[in-house]
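Results of the structural survey
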Amino acid sequence: MLNGEITSIILFFIGVYGIIARRNMVKSIISIGIMEMAIILFLLSVNFEKGMRAPVSGLTSNISDPLPQALMITAIIIGVAVNAIGLSLFINIYHKYGTTNWTKAAYKRRQGGRK
C-alpha cells in the first residue's frame, strides 16, 4: 500500500539521485526542492490516522495536531526562499562563466577566465 510516508521516501531518493547524477545547476536546484517537499510530506504524514479532523472543526476527539502543520507552512516558505536564492545565484554564475555545468564552471573559476 502506497501511503504518504513511502511516497515521501521515494521522492527524497529521487532528489538525491538528481543531485548525484546530474551536473546541471538548474536540475540540482530542482532536486533540492524535491527533497524539501519530500521531507515536508513525510513530517505531515508520519502520524496520520484515517478519520482525523482539523482542530478548527470544534470537535474534541480524534483531531490532528496543528503544530506540525504550522511548522510545515514555515518550512514551505523557507524552501521557496532557498530556491529563489539558488536560482538567482545560478543566473549570476551563468552570466559570469557561460555554462550550466558545475564542473565546467569550477574549472573556469580556477582558470580565472570568463566565457
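First, a word on what this report is: a plain description of the structure on this page. Predicted, not measured: the structure shown is a model, and the values here were computed from it.

One can describe the packing of helix H2 (residues 25–45) onto helix H3 (residues 66–97) by two numbers: an axis separation of 10 Å at closest approach and a directional angle of 175°. Taken together, the axis directions place H2 and H3 in an arrangement best described as roughly antiparallel. Here Met25, Val26, Ile29, Gly33, Glu36, Met37, Ile40, Leu43 and Leu44 of H2 lie close against H3, whose contacting residues are Pro68, Gln69, Met72, Ala75, Ile76, Gly79, Val82, Asn83, Gly86, Leu87, Phe90 and Ile93. For the contact of H2 with H3, the class distribution of residues is 15 nonpolar, 5 polar and 1 charged.

Here the focus is the nonpolar core. Formed by Met25, Ile29, Phe90, Tyr97 and Ala105, the largest nonpolar core amounts to 5 residues. Contributing elements (two or more residues each) for this core: H2 and H3.

Inspection of the secondary structure assignment puts Glu5 in helix H1 (residues 4–21). Dropping the residues within four chain positions of it, Glu5 is found in contact with Phe42, Ser45 and Val46.

What follows concerns the packing of H1 against H2. In the contact formed by H1 and H2, the axes pass within 8 Å of each other and the chain directions differ by 160°. Relative to H2, the element H1 lies roughly antiparallel. The two elements H1 and H2 cross, and the hand of that crossing is left-handed. The segment H1 lies against H2, with Gly4, Glu5, Thr7, Ser8, Leu11, Phe12, Gly15, Val16, Gly18 and Ile19 engaging Ser28, Ser31, Ile32, Ile34, Met35, Ala38, Ile39, Leu41, Phe42 and Ser45. Along the lines of polarity and charge, the residues of the contact of H1 with H2 split into 11 nonpolar, 8 polar and 1 charged.

As a further point, take a nonpolar patch on the surface. Residues Leu2, Ile6, Ile10, Leu11, Ile14 and Leu41 make up a contiguous nonpolar surface patch of about 490 Å² in total accessible area. A total of 4 residues in the nonpolar patch trace back to one element, the largest contributor, which is H1. Take Ile14: it is sitting in helix H1. The class of Ile14 is partly exposed, set by a relative accessible area of 44%.

What follows covers the packing of aromatic side chains. Under the counting rule described, the total for this entry stands at 2 aromatic pairs. Each ring, one from Phe12 and one from Phe13, has its centre 5.7 Å from the other, and the planes form 85°; the classification is edge-to-face. Overall, Phe13 belongs to the exposed group, its relative accessible area being 52%. Look at Phe90 and Tyr94: their rings are 6.1 Å apart centre to centre, the planes differ by 35°, and that puts the pair in the tilted class. Linking Phe90 with Tyr94, this pair stays in helix H3, spanning 4 residues, or about one helical turn.

Cut-offs used in this document
Residues numbered from 1 in each chain as written. Predicted model: local features only at pLDDT ≥ 70, side-chain atom pairs only at ≥ 80, totals over all residues. Heavy atoms only, no water. Axes fitted to C-alpha atoms, helices over the stretch in contact; angles between N-to-C directions. Helix = DSSP H or I, 4+ residues; strand = E, 2+ residues; numbered from the N terminus. Parallel < 35°, antiparallel > 145°, perpendicular 65-115°, else oblique. Contact = heavy atoms within 4.5 Å. Nonpolar A, V, L, I, M, F, W, Y, C, P; charged D, E, K, R; others polar. Core = buried A, V, L, I, M, F, W, Y, C linked by side-chain atoms within 4.5 Å. Buried < 20%, exposed > 50% of the residue type's maximum accessible area, 1.4 Å probe, protein only. Left-handed = near helix turned anticlockwise from the far one by under 90°. Patch = residues over 30% accessible without salt bridge, like charges linked within 9 Å, V, L, I, M, F, W, Y side chains within 5 Å. Areas by Shrake-Rupley, 256 points an atom, 1.4 Å probe, with all protein chains shown as cover. Salt bridge = Lys/Arg side-chain N within 4 Å of Asp/Glu carboxyl O. Phe/Tyr/Trp six-rings, centres within 6.5 Å; stacked < 30°, edge-to-face > 60°.

Distances and angles like these do not, on their own, reveal function.
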